[in-house]
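If you want the building blocks of each chain, they are given just below.
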Amino acid sequence: MTKLVTYYEQSQPIKEYLNDMTTNKEELIEIYKSFQLPKNDERLDKIKDKNYKVLVITEDWCGDAMMNIPVLLNIADYTNMEVKVFHRDEDTNLIDQYLTNGTARSIPIFVFLNEKHEQEHVWGPRAITVQKFVEETRKDLPSKEDSSFPEKEKEVHHKIHDEYKKNTQFWDDVYESIVSILR
C-alpha cells in the first residue's frame, strides 16, 4: 500500500490546483474571500503549533469541495499549514481508505498529517448541519428507476449548490467542525 507521504509528495500544491480548476473556481474563490475566521479563537494558535500538512482528496466539480476548501484555506493561511491536493479519480486506492459509511467515495476529505507525514486527523466530506441539510433536500427525490429522477436530481443539486454559495452559517459550521477535530 502506498504511504501517505508518497501521496502527499505526488500531490498538487493548492495554488496550482486553484489555477487549474475548470469547475466551481469562481465560487470557491468568492467563498474564500468572503469567509472570515472568528476573532481571537485561541484554538487556531494551538493548531498552528502542531505544524500540520493537509492532504485534500477532491475533484473540482464537487460542490462540497467548493464550499469546504475555502474554509480550510482560511484556517491554513492563519496556521501556516501547507495544503496539497490529490485528485480522487486519478488513483482510487487513496480515497478507498476514507470511504464515507464504508462505501461512498465522497469528497472532499482532508487528511491532516504531522511532521512525519503520519495521519493525525481526518475530516470530511461535510459538517453535520450541512449533511442534515443535504439529506433533507434529497429526501423527496423519486427512486433512481423513476424516469423523472435525473431531472429532479439535477434540481436538487442546483438547490444545494446555491445554498453552499450563500449560506454563511454553513461556512461557520464547516469551520467549527474542522477546528474541533484539530484541537
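Residues numbered from 1 in each chain as written. Predicted model: local features only at pLDDT ≥ 70, side-chain atom pairs only at ≥ 80, totals over all residues. Heavy atoms only, no water.

Named according to an unreviewed UniProt entry, the protein chain is Thioredoxin family protein originating from Mammaliicoccus lentus.

Per the counting criterion, the structure on display carries six aromatic pairs. Ring centres 5.2 Å apart and planes at 25° place the aromatic pair Phe 110 and Trp 123 in the stacked group. With Phe 110 in strand 4 (residues 109-113) and Trp 123 in strand 5 (residues 119-123), the pair connects residues that are 13 residues apart, well separated along the chain. Trp 123 carries the same exposure label as Phe 110, and that label is buried. Ring geometry for Phe 133 against Phe 170: centres 5.2 Å apart, planes inclined by 55°, an arrangement best described as tilted. Placement of the pair is Phe 133 in helix 7 (residues 128-138) and Phe 170 in helix 9 (residues 168-182), with a sequence separation of 37 residues. Judged by relative accessible area, which is 17%, Phe 133 ranks as buried. Overall, Phe 170 belongs to the buried group, its relative accessible area being 8%. (Phe/Tyr/Trp six-rings, centres within 6.5 Å; stacked < 30°, edge-to-face > 60°. Helix = DSSP H or I, 4+ residues; strand = E, 2+ residues; numbered from the N terminus. Buried < 20%, exposed > 50% of the residue type's maximum accessible area, 1.4 Å probe, protein only.)

A word on the sheet that holds strand 5. Here five strands make up an open sheet; going across it, the order is 1-3-2-4-5 and the pairing mixed. At either end of the open sheet lies a strand with only one pairing partner, and these are strand 1 (12-13) and strand 5. In this sheet, strand 3 (residues 82-87) lies alongside strand 1 in antiparallel orientation, the contact comprising two bridges. Directly across from Pro 13, in strand 3, lies its bridge partner Lys 84. Running over the sheet, helix 5 (residues 63-79) touches strand 2 (53-58), strand 3, strand 4 and strand 5 and is turned about 170° from strand 2. Relative to strand 5, helix 9 is tilted by about 160°, and along the sheet it contacts strand 4 and strand 5. (Pairing = 2+ DSSP bridges. Contact = heavy atoms within 4.5 Å. Axes fitted to C-alpha atoms, helices over the stretch in contact; angles between N-to-C directions.)

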